[in-house]
Structures are given as C-alpha cells and as structure tokens.
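For reference, the chains in residue letters:
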Amino acid sequence: MCLSKNFDLLIFDLDGTVYAGGDPIEHAVESITAADMNCQYVTNNASRAPEVVAQQLSSLGLTVSPGDVLTSAQAAVAMLAQEVEAGARVYVLGADSFKELTRDAGFEVVASADDRPAAVLHGHSPATGWAELSEAALAIGRGARYFASNLDTTLPMERGLHVGNGSMVAAVATATGVTPQSAGKPGPTMFLAAAHRAGARRPLSIGDRLNTDIAGSVAAGMPSLHVLTGVSGCWDVLNAPVAERATYVAADLRALDLAADAVDPFHSDSHGNFTATFDPARGELSIGGTAIDDDDAAFEALRAALGAVWSDSEDAHELTAAAVRTTSDAAERAVAQWW
C-alpha cells in the first residue's frame, strides 16, 4: 500500500511544498492529483484570503475550493473570538482580507491606538511599516492584548527568503516587552482545525520547514512527511531535535505513491544499500554502502543516517560534513549531494 492510502486526509503546507513563489514545485501537482485524496491546504501566510489561495492552486491544475484552505488569519481570528469579547475594538496589522475576517467575526476594526482597542491582531502584509508597527506598540502599551497569525521569521518567495511576519512581530515585542499569542504553525491549532473540518481520523501532515510544519505536526500528535523541496535541507533534518522530527522523509511529493517503509528513516527498506552508525561521544557519523539508483542515493543515505542519529538521542545535534566519515565511494557521492 502506498503511503497516502494509510491516511484519510492529507494536510499540505504551501510555500516550499506545493509551490515556490508562484510556480509549482516539480512533481507536486501530479503527485497530489494522483493521490486522489481528501486534502486541506494550510498556510501561515495571512496576507491572502482563502478564495485567493484556492484560485491560485486551481490555476496550477489542482481541484481546490476555498473550504479546502485554512490560513493563519482564519485561525488567528478564531483565537481572538475565544479570548476577547465580541464587538470589541481591534487594531489589525495585515491585509484587507484579514481586516474583513475580523469584522465578519463581529469585531470593530479601528485605525489608531487612540481608539483604545482591546486587542492588536498582527498578520503579514507587505504594506506594514514603521507607522503601523508603532501604532500597535502604542495600543499594547495602553493595555491591548497581542495576537499574531504566525511567527515565521522568513517568507519564501521567488528571489529567496524575505522578511516574514515573525520578524515584524519581533519589532513590536521588543518595543513593548509583550510576546503575542500565535495561532499559526508551529502551534497545533491549524492542524487540529484542518482535521476537524475534514472529519479525519488519520491525517498526514506534509511540509518543508522543520520549525513550523513538522514542529506543528508533532505538537498536534500527527504523523508527518518532510519533503526536501523548501526551507529545511538535509543537514537541518539530520540535526533536528525530537520536536521537529518527521515520521517520513523524502525528496519530494512523489513519496505519496511509495510504500510507507520506503520513506521511514527507522525502516531499513528506506536505506537502499546504505548503512550508518553514530558515535554520540565523538559526535561522528559513519556511512557506507552502495547505491542502487544514483538518483535516490542521497536520500537513501540520509535516511540511513537519520535512523542512526535519531535512535541515539532526542536532542538536536550540530553535525557538519567534517563529522561524517564515508567508507565507500557511493556514500561519499551521496553525502556530497546533501547541500
């Protein structure tokens, strides 16, 4: 049985997993379509409405409705509704769609700290600048509660990693000494909400970023698939603490059509002909073996290494190339591809 059929819902991250900027990631659309599964698309990006996200995904060739999309803006407004009295005044940093969601939830959106808002709601918007950040700081300084859609420090786009909402939040937090409650990943809220919305009992979460996608899956108690198509690469995965370790690790979304054992680092079937041992006292990793298929060798060697390192400790490591000893030409070539 292929990996996807072990579950009744696939929860996808977007940036770095399904697309990079506006372009689909290689094999992503075809793999999602071939899986023919119930899907939810969960994003920490609060700057776009679910309808806009669904339209973009549909333009890539996927069949997606707004009800299949859950944004951190939606999660943040839901959190606000649980914490703050309905009808209260709220100062919103974010896109117009974020402000509209807040109004639709029964809150009064105000434009100034002088309006004495009960809360500040902070989501990503490219238009946010010093004036908006200062207004938020003033409101918080006067007693407003602080909520954020997400705390991602960076935002992957076509040209690279741009400043994310978490970096903007950090400016306000530094100015006020107040850390916001965050609705987005790596908290479990969005994952649990997506599963509840779909009525799923066995969801699989899929993402490319360890400290948000995978950490959130772990926090929600969900199995996860880490794909090496976005932010967190091979060395990041190898050195991850237990709170950021995925159940499955693969090159890309073609893993959905593979057997679960083929992408499980703790199962020898995922290692090809590679073997690995880890000496925690010396902090040294040894990898040997031969490649069955050079195209898969880097990932087979990585999963063998993960099985050895992760079995030893729940702590994060700081392994670099200098700490890896290869005992065969195939292993040396495989490890060289981890960059």
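Quick look at the structure, then. (Residues numbered from 1 in each chain as written. Predicted model: local features only at pLDDT ≥ 70, side-chain atom pairs only at ≥ 80, totals over all residues. Heavy atoms only, no water.)

**Overview of the packing of aromatic side chains**
Counted under the stated rule, the structure contains four aromatic pairs. For the pair Trp235 and Trp338, a centre-to-centre distance of 5.3 Å together with 75 degrees between the ring planes defines the contact as edge-to-face. Taken together, the positions of Trp235 in helix H9 (residues 234-238) and Trp338 in the segment after helix H11 (329-336) put the pair 103 residues apart, joining distant regions of the chain. Residues Trp235 and Trp338 agree in their burial class; the two are buried. Ring centres of Trp235 and Trp339 lie 5.5 Å apart, and the angle between their planes is 55 degrees; this geometry places the pair in the tilted category. (Phe/Tyr/Trp six-rings, centres within 6.5 Å; stacked < 30°, edge-to-face > 60°. Helix = DSSP H or I, 4+ residues; strand = E, 2+ residues; numbered from the N terminus. Buried < 20%, exposed > 50% of the residue type's maximum accessible area, 1.4 Å probe, protein only.)

**Considerations on helix H6 (residues 165-176)**
Across its 12 residues, H6 extends 17 Å between first and last C-alpha, which sits within 8% of the 16 Å expected from 1.5 Å per residue. Those residues of H6 that fall on the buried side of the exposure criterion are Asn165, Gly166, Val169, Val172 and Ala173. Taken down its axis, H6 places every buried residue within 115 degrees of arc, on the same side. Of the exposed residues in H6, those oriented more than 90 degrees away from the buried face are Thr174 and Ala175. Taken together, the buried residues of H6 touch strand S8 (119-122), helix H5 (130-141), strand S9 (145-148) and strand S11 (160-163). Positive phi shows up at Gly177, right after H6, with a value of about 75 degrees. (Expected span 1.5 Å × (residues − 1). Arc of directions from axis to C-beta. Contact = heavy atoms within 4.5 Å.)

**Description of the environment of Gly160**
Here Gly160 is to be found in strand S11. Exposure remark for Gly160: the relative accessible area of 26% places this residue in the partly exposed category. Taking the C-alpha atoms as reference points, Gly160 and Gln55, 105 residues apart in sequence, are found 23 Å from one another.

**Quick look at the sheet that holds strand S16 (residues 273-279)**
An order of S16-S17-S18 is seen for the three strands of this open sheet, with the pairing classed as mixed. The open sheet has two edge strands, S16 and strand S18 (324-326), and neither has a second partner. Geometrically, the sheet is characterised by an average inter-axis angle of 20 degrees between neighbouring strands, direction not taken into account. Its contacts with the sheet place helix H10 (residues 294-312) against S16 and strand S17 (284-290), and it is angled at close to 30 degrees to S16. (Pairing = 2+ DSSP bridges. Axes fitted to C-alpha atoms, helices over the stretch in contact; angles between N-to-C directions.)

**Description of the side chain of His124**
Take His124: it is sitting in the loop between S8 and H5. Taking relative accessible area as the criterion, His124 reaches 12% and is therefore assigned buried. Residues contacting His124, with those up to four places away along its chain left out, are Asn45, Ala46, Ser47, Gly94, Ala95, Ser149, Leu155, Val163 and Asn165.

**Some remarks on the pattern of salt bridges**
Within this structure, the stated rule accounts for eight salt bridges. Between Asp13 and Lys185 there is a salt bridge; the shortest N-O distance is 2.9 Å. Remark: Lys185 occurs in the loop between strand S12 (181-182) and helix H7 (189-198) and Asp13 occurs in the loop between strand S1 (9-12) and strand S2 (19-20); sequence separation between them is 172 residues. Accessibility classification places Asp13 together with Lys185 in one group, the buried group. Arg145 is the salt-bridge partner of Glu83, the closest N and O atoms lying 3.0 Å from each other. (Salt bridge = Lys/Arg side-chain N within 4 Å of Asp/Glu carboxyl O.)

**Digging into the sheet that holds strand S14 (residues 224-227)**
In space, the six strands of this open sheet follow the order S5-S4-S1-S13-S14-S15, with parallel pairing throughout. What marks the edges here is a single partner per strand, and that holds for strand S5 (69-71) and strand S15 (248-250). Between one strand axis and the next, the sheet turns through 20 degrees on average, direction left out of account. By the bridge criterion, three bridges tie S14 to S15 in an arrangement that is parallel. Opposite Val227, over in S15, you have Ala250 as the bridge partner.

**Concerning the side chain of Gln56**
Along the polypeptide, Gln56 turns up in helix H2 (residues 50-59). Once you skip the residues sitting within four places of it in the chain, Gln56 turns out to touch Tyr19, Gly21, Gly22 and Arg48.

**A word on unusual backbone geometry**
Following Lys185, the chain continues to Pro186 via a peptide bond in cis, the omega torsion being 20 degrees. Of note, His27 is a non-glycine position whose phi angle comes to about 75 degrees, a positive value. For His27, a relative accessible area of 23% translates into the label partly exposed. In this structure, Asp36 is a non-glycine residue whose phi angle is positive, near 50 degrees. Looking at where Asp36 falls in the secondary structure, it is placed in the loop between helix H1 (28-35) and strand S4 (39-43).

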